[in-house]
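Each chain, written out:
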Amino acid sequence: MNESKNSANAMWGGRFASGPDEIMSRINASIDFDQRLYAQDIAGSVAHCQMLIRQGIVSQSDGDAILSGLDTVLQEIESGRFEFKTALEDIHMNVESRLRELIGDAAGRLHTARSRNDQVATDLRLWVRDTIDTIDEQLKGLQQTLIELAESHADAAMPGFTHLQPAQPVTFGHHMLAYVEMYGRDRGRFADCRKRMNESPLGAAALAGTSFPIDRGATASALGFDRPMANSLDAVSARDFALEFLGAASICATHLSRQAEELVLWCAPQFDFVRLSDAYSTGSSIMPQKRNPDAAELARAKAGRIFGALQGLMVVMKGLPLAYGKDMQEDKEPVFDAADSLSLTIAAMNGMIGDLTVVPEALLQALDQGFPTATDLADWLVRVLDMPFRDAHHATGAIVGLAEDKGCALADLPLTDMQAIAPGITEDIYSVLSVPASIDSRTSEGGTAVANVRAAAAAARERFL
């Protein structure tokens, strides 16, 4: 028998007379990616061992040897001295095999009252929980950068868009605070996910629990879980926590992609609303004049990978009967890849937002197009002439058409021309047709008036930071 096959077989029992085929070994092994779970795996083993000692299931001497050995394994991995072996399949068997090399037969007692099924479920929950905490801090940092930018440009007028057409004047600060709210909701979704997933599978064993007198509450508490999972079948079967994480990640990636798209547009000479420095731009191999916002484009593209991870895992899980199936080994790579992609995208967005230079004159110049104060004209007709809004809307549309024919802004249209369409209009109409007047009139809660934006930025600091 091939020696590598013998070594692979040795860890998981005497049921098999020969080792796996080479192709079987390749498709079965997960150590290339699940070694990322080493810290969580060892933390789970430490908690499990400490509980076994307290419950009298493992002797103090064997338990102390196991704990000391696990600490050595952790140090070896973190220092880069640990040799991960594909023949041992996964992180669990790699750690246990090395533990046996270090302390001998006592290592075999660690797996008492435990299965790889509840072990991997615990490891992944711990990893996702840790990742959520990291992402939350990143999003908080991005919100802070956006709030600072909003405060710096609370009064910088720019077009607000619908259908990517000029709609009404807003301020740049108001626009930035919209993303602060989006990322705040993303943080809330991750927090909800963390709360729901913070139950411990450890002690569910393979699927039915164990006959040993374990204390699942103790291991749950030691690992920072709120409680043990209530059903052993569910404990080893559930991956909805990973799906929920990927769902929250996908929504967050959507927000990041939308903001990245705006940066791509705004950096174009046709807009020139903002400029990115060399730190977040690249050039062209053939066109020397180019400055490409590649960081924003890649941030926009990363969303596709994250969406794909969610869809892929949903397809894996949709047809699985209870309890554990090897299909579930496919849960880790999409979760890892999505987490990496999201973390990198948040970091890139935070860097770009902190790096960009706003071009106020370009923002203001863009307000010369599209008659952005037309709604203000209609509102004046309603407020001053007591005209029904639909009638005011119709009259304003006619006035806009007249200004378009004359090639002038609404504020430059002669009063007599407007009176020909709505006879009650007076000189006072010009008081609402300027961009500053339009912005300062939007004082409703959540509106773009400069005072509102400054207050909203301060409130956002209190709520999110």
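As shown above, the structure is provided for reference.
What comes next concerns the included structure.

The rules behind the values
- Residues numbered from 1 in each chain as written.
- Predicted model: local features only at pLDDT ≥ 70, side-chain atom pairs only at ≥ 80, totals over all residues.
- Heavy atoms only, no water.
- Helix = DSSP H or I, 4+ residues; strand = E, 2+ residues; numbered from the N terminus.
- Rg over C-alpha atoms; globule rule 2.2 N^0.38 Å.
- Buried < 20%, exposed > 50% of the residue type's maximum accessible area, 1.4 Å probe, protein only.
- Areas by Shrake-Rupley, 256 points an atom, 1.4 Å probe, with all protein chains shown as cover.
- Lys, Arg positive; Asp, Glu negative; His and termini not counted.
- Charge placed at Lys NZ, Arg CZ, Asp CG, Glu CD.
- Phe/Tyr/Trp six-rings, centres within 6.5 Å; stacked < 30°, edge-to-face > 60°.
- Polar contact = N/O pair within 3.5 Å; in protein donor to acceptor, adjacent residues only side chain to side chain.
- Contact = heavy atoms within 4.5 Å.
- Salt bridge = Lys/Arg side-chain N within 4 Å of Asp/Glu carboxyl O.
- Pairing = 2+ DSSP bridges.
- Patch = residues over 30% accessible without salt bridge, like charges linked within 9 Å, V, L, I, M, F, W, Y side chains within 5 Å.
- Axes fitted to C-alpha atoms, helices over the stretch in contact; angles between N-to-C directions.
- Parallel < 35°, antiparallel > 145°, perpendicular 65-115°, else oblique.
- Left-handed = near helix turned anticlockwise from the far one by under 90°.
- Nonpolar A, V, L, I, M, F, W, Y, C, P; charged D, E, K, R; others polar.
- Expected span 1.5 Å × (residues − 1).
- Disulfide = S-S within 2.5 Å.
- Arc of directions from axis to C-beta.

1. Brief notes about the overall build of the protein
Reasoning step 1: Each helix and strand counted, the protein has 19 helices and six strands in total.
Reasoning step 2: Taking 23 Å as the expected radius of gyration for a compact globule of 465 residues, we find that the protein reaches 31 Å, considerably beyond that expectation.
Reasoning step 3: For the C-alpha atoms alone, the extent of the protein along its principal axes is close to 100 × 55 × 40 Å.
Reasoning step 4: Looking at the protein as a whole, 47% of its 465 residues qualify as buried.
Reasoning step 5: Carbon together with sulfur atoms contributes 51% to the accessible area of the protein, which is approximately 21700 Å² in total.
Reasoning step 6: Computing the positive centroid from 41 side-chain charges and the negative centroid from 63, the protein places the two 6 Å apart.

2. Some thoughts on the packing of aromatic side chains
Reasoning step 1: Taken as a whole and judged by the stated rule, the model has eight aromatic pairs.
Reasoning step 2: With 5.9 Å between their ring centres and 50 degrees between their planes, Phe190 and Phe245 make a pair best called tilted. Taken together, the residues span a long stretch of sequence, with Phe190 in helix α8 (residues 172-197) and Phe245 in helix α11 (residues 240-267) at a distance of 55 residues. Phe245 matches Phe190 in its accessibility class, with the two residues each being buried.

3. Here's the deal with the side chain of Gln143
Reasoning step 1: Among the secondary structure elements, Gln143 is positioned in helix α7 (residues 116-152).
Reasoning step 2: By relative accessible area, Gln143 is classed as buried at 0%.
Reasoning step 3: A polar contact of 3.0 Å, which involves the side chain of Gln143, links it to the backbone oxygen of Val180.
Reasoning step 4: The residues touching Gln143, leaving out its near neighbours within four places in the chain, are Val180, Tyr183, Gly184, Arg187, Phe464 and Leu465.

4. Structural notes on the pattern of salt bridges
Any two side chains of opposite charge can pair, on the condition that their charged atoms come close.
Reasoning step 1: Applying the stated criterion across every chain yields a total of 25 salt bridges.
Reasoning step 2: Arg275 is the partner of Asp272 in a salt bridge, and the nearest nitrogen-oxygen pair spans 2.7 Å.
Reasoning step 3: For Asp272, a relative accessible area of 21% puts it in the partly exposed group.

5. Focus: the pairing of strand β2 (residues 165-171)
Reasoning step 1: As paired elements, strand β1 (residues 157-162) and β2 share six bridges and run antiparallel to each other. Bridge pairing links Phe161 to Pro166 in β2.
Reasoning step 2: As consecutive antiparallel partners, β1 and β2 are separated by two residues, and within that stretch His163 has a phi angle of approximately 60 degrees, a positive value.

6. Re a negative patch on the surface
Reasoning step 1: Taken together, Asp32, Asp327, Glu330 and Glu333 make up a surface patch of like negative charges.
Reasoning step 2: Assignment of secondary structure puts Glu333 in helix α13 (residues 332-355).
Reasoning step 3: Of the residues examined, Glu333 reaches a relative accessible area of 39% and is grouped as partly exposed.

7. Describing unusual backbone geometry
Reasoning step 1: At the junction of Leu322 and Ala323, the peptide bond is cis and its omega measures out at 10 degrees in the coordinates.
Reasoning step 2: In this structure, Ala323 sits in the loop between α12 (294-317) and α13.
Reasoning step 3: Its identity as a non-glycine residue notwithstanding, Ala205 has a phi of 60 degrees, on the positive side.
Reasoning step 4: Within the fold, Ala205 resides in the loop between β3 (199-200) and α9 (216-222).
Reasoning step 5: The phi angle at Asp386 is positive, at roughly 55 degrees, despite the residue not being glycine.
Reasoning step 6: Given a relative accessible area of 66%, Asp386 falls into the exposed group.

8. Things to note about the environment of Ala374
Reasoning step 1: Checked against the element boundaries, Ala374 lands in helix α15 (residues 374-385).
Reasoning step 2: Spatially, the C-alpha atoms of Ala374 and Gln168 are 8.0 Å apart, while their sequence positions differ by 206 residues.

9. What to know about the packing of α11 against α12
Reasoning step 1: At a minimum axis distance of 8 Å, the contact between α11 and α12 shows a crossing angle of 160 degrees. It follows from the interaxial angle that α11 and α12 lie roughly antiparallel. The hand of the α11/α12 crossing is left-handed.
Reasoning step 2: Taken together, the residues of the contact of α11 with α12 break down into 17 nonpolar, four polar and three charged.

10. Here's the deal with α15
Reasoning step 1: In a regular helix each residue adds 1.5 Å, so 12 residues correspond to 16 Å; α15 covers 16 Å between its end C-alpha atoms and thus fits that length.
Reasoning step 2: Within α15 the residues assigned to the buried category are Ala374, Asp376, Leu377, Ala378, Trp380 and Leu381.
Reasoning step 3: Each element contacted by the buried residues of α15 is listed here: α16 (389-406), α17 (415-419) and α18 (435-441).
Reasoning step 4: Asp386 sits one or two positions beyond α15 and adopts a positive phi of about 55 degrees.

11. Describing the packing of α7 against α8
Reasoning step 1: At a minimum axis separation of 9 Å, α7 and α8 run at an interaxial angle of 165 degrees. One way to sum up the angle between α7 and α8 is to call them roughly antiparallel. Considering only the axes of α7 and α8, their crossing is left-handed.
Reasoning step 2: When grouped by side-chain class, the residues that make up the contact of α7 with α8 number 18 nonpolar, three polar and eight charged.

12. Concerning the state of the cysteines
Reasoning step 1: Enumeration over the complete set of coordinates arrives at zero disulfides.
Reasoning step 2: With no disulfide of its own, Cys193 lies closest to Cys252 among cysteine sulfurs, the gap being 13 Å.
Reasoning step 3: We classify Cys193 as buried; its relative accessible area is 0%.

13. Details of helix α5 (residues 60-79)
Reasoning step 1: Over its 20 residues, α5 runs 28 Å from end to end, which matches the ideal 28 Å to within 8%, given 1.5 Å per residue.
Reasoning step 2: Looking at α5, one finds that the buried residues are Asp62, Gly63, Ile66, Gly69, Leu70, Val73, Glu76 and Ile77. Taken around the axis of α5, the buried residues stretch over an arc of 145 degrees, which confines them to a single face. Exposed side chains of α5 directed beyond 90 degrees from the buried face belong to Ser61 and Glu78.
Reasoning step 3: Lining the buried residues of α5 we find α4 (38-54) and α6 (91-103).
Reasoning step 4: One or two positions beyond α5, positive phi appears at Gly80, with a value near 85 degrees.

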